[in-house]
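Residues per chain, in single letters:
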Amino acid sequence: MYDLIIIGMGPAGLTAAVYAARKKLSTLLVGKHYGGQMAWASGVENYIGFQYITGAELLSRFEEHVARYPVERLEAEVIKLSRENGHFSIRTAGGDVFQSRTVIVGSGKSPRRLNAPGEKELTGRGVSYCAVCDAPLFADMDVSVVGGGNSALTAAFDLIKIARRVYIISLEEWTADPVIIDKVKNATNLTRLVGYETVRIEGSERVTGIILRSLDGRKKEMKLDVQGVFIEIGTVPNTNFVGELLELNEKGEIRVDCDCSTSVPGVYAAGDVTSIPEKQIIVAAGEGAKAALGAYRYLLEHKQ
């Protein structure tokens, strides 16, 4: 029986672990992937104290800090969170079960899928959701980026330095921040395709092309001969394991109050998985600290 189980190993979960450990709470930190989306960030320019740092480097700093404390860590996928006899229970994909008096959910988000024919079959064989991870594999190739927001244009910025030709495909005009648009708009090897939807991704062993359809009324289809397709159309919250235990909003995010408390007393949530409006590393870290302090306060008020 732990005082606290933290689900998620991103900036929210890692920060919560440090604060919990400093309050002498017996803590289990469990998550499917260490670092969350922070690990994929090519460059972070808005985390206070660092004018510039890569996501991998920032994660290393977080890990080093957590390692100073007696926090148990387990890399595993949580498939169920439940409440039993006044305590909480989590079950992992491996069949392990752990119990605690409080829980913090900091499970973050996952890339949104296009659900286009060929996408699933060719994932890892030319279809990617992480330009930071996979861009070097496409040196001197033609690639496409699907999306028009910050993540899509950031991916394009990584790719224009490596790929031969980069096509940015979006349904509507770009919605990325102006500072990011300025980084890519004048690239000589970038082609902007606005007003197109993805019909399917082609290839047998690897991606060989992407079929697009115009949205201008003609519904004309065109094929781009590309070897890579980077899908950057946003993310979805990782809340499938909470079942009906916690209240979610219309986006599937966990509803939280200003102290990170959820609809169930003793369960807190922090970071991108929650209803907080801004999805930033520094915001997630701050929310993780608040959640840990909230759990500590709950335990003080409910001594057993």
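Computed from a predicted model, the values in this text were never measured in an experiment.

(A) Molecular detail of the environment of W40. Residue placement: W40 occurs in the loop between β2 (27-31) and α2 (55-66). Taking C-alpha positions, W40 is 6.6 Å from C133, a pair spaced 93 residues apart along the chain. Apart from the residues lying within four places of it in its own chain, the contact partners of W40 are P111, C130, V132 and C133.

(B) Geometry of α2. Compared with the 16 Å implied by 1.5 Å per residue over 12 residues, the 17 Å span of α2 between its first and last C-alpha is a close match. Turning to α2, its buried residues number three or more, namely G55, L58, L59, F62 and V66. The buried residues of α2 all sit within an arc of 100° when viewed along its axis, so they share a single face. In this structure, the buried residues of α2 make contact with α1 (11-22), β3 (72-75) and α7 (281-301).

(C) How the structure looks around the packing of α1 against α7. Remark: α1 packs on α7, axes separated minimally by 7 Å, with the N-to-C direction vectors making an angle of 35°. Note that α1 runs across α7; the crossing there is right-handed. For the pair formed by α1 and α7, the contact residues are P11, A12, T15, A16, Y19 and A20 on the first element and I281, A284, A285, G288, A289, A292 and L293 on the second.

(D) Up close: the sheet that holds strand β12 (residues 196-203). Read from one edge of the open sheet, three strands run β12-β13-β14, paired in antiparallel fashion. Pairing within the sheet leaves two strands with one partner each, and these edge strands are β12 and β14 (221-224). Going from strand to strand, the sheet's axes swing by 25° on average, the running direction of each strand aside. Of the strand pairs in this sheet, strand β13 (residues 207-214) and β14 are connected by four bridges, and their pairing is antiparallel. By the bridge assignment, L212 is partnered in β14 with M222.

(E) Summary view of the nonpolar core. L14, L29 and I104 are the most contacted members of the largest nonpolar core, which totals 34 residues. Secondary-structure elements contributing two or more residues to this core are β1 (2-7), α1, α2 and α7. Examining the composition of this core, we find that eight residues originate from one element, α7, more than from any other. Among all residues touching I104, those that are not within four sequence positions of it are L4, I5, I6, I7, A16, Y268, A291 and A292. F88, F98, V103 and I276 belong to the second largest nonpolar core, which has 24 residues in total.

(F) Molecular detail of the sheet that holds strand β11 (residues 190-194). Spatial ordering of the open sheet is given by β8-β15-β9-β10-β11, a layout of five strands whose pairing is parallel. Whereas interior strands pair on both sides, the edge strands pair on one side only; in this sheet they are β8 (127-128) and β11. The pairing of strand β9 (residues 142-146) with strand β10 (residues 165-170) spans five bridges and is classified as parallel. Directly across from V146, in β10, lies its bridge partner I169. The strands touched by helix α5 (residues 150-160) within the sheet are β9, β10, β11 and β15 (228-231), with β9 carrying the most contacts at an inclination of about 165°.

(G) Structural context of α1. Given a rise of 1.5 Å per residue, 12 residues ought to cover 16 Å, and the 17 Å separating the end C-alpha atoms of α1 matches this to within 8%. Of all 12 residues making up α1, 10 are buried, and the element is well covered by its neighbours. Within α1, the full set of buried residues consists of P11, A12, G13, L14, T15, A16, A17, V18, A20 and A21. For α1, the secondary structure elements touched by its buried residues are β1, β2, α2, β6 (97-105) and α7. Residue K24 follows α1 closely and has a positive phi angle near 65°.

Thresholds applied
- Residues numbered from 1 in each chain as written.
- Predicted model: local features only at pLDDT ≥ 70, side-chain atom pairs only at ≥ 80, totals over all residues.
- Heavy atoms only, no water.
- Helix = DSSP H or I, 4+ residues; strand = E, 2+ residues; numbered from the N terminus.
- Contact = heavy atoms within 4.5 Å.
- Expected span 1.5 Å × (residues − 1).
- Buried < 20%, exposed > 50% of the residue type's maximum accessible area, 1.4 Å probe, protein only.
- Arc of directions from axis to C-beta.
- Axes fitted to C-alpha atoms, helices over the stretch in contact; angles between N-to-C directions.
- Left-handed = near helix turned anticlockwise from the far one by under 90°.
- Pairing = 2+ DSSP bridges.
- Core = buried A, V, L, I, M, F, W, Y, C linked by side-chain atoms within 4.5 Å.

Keep in mind these numbers describe shape, not what the thing actually does.
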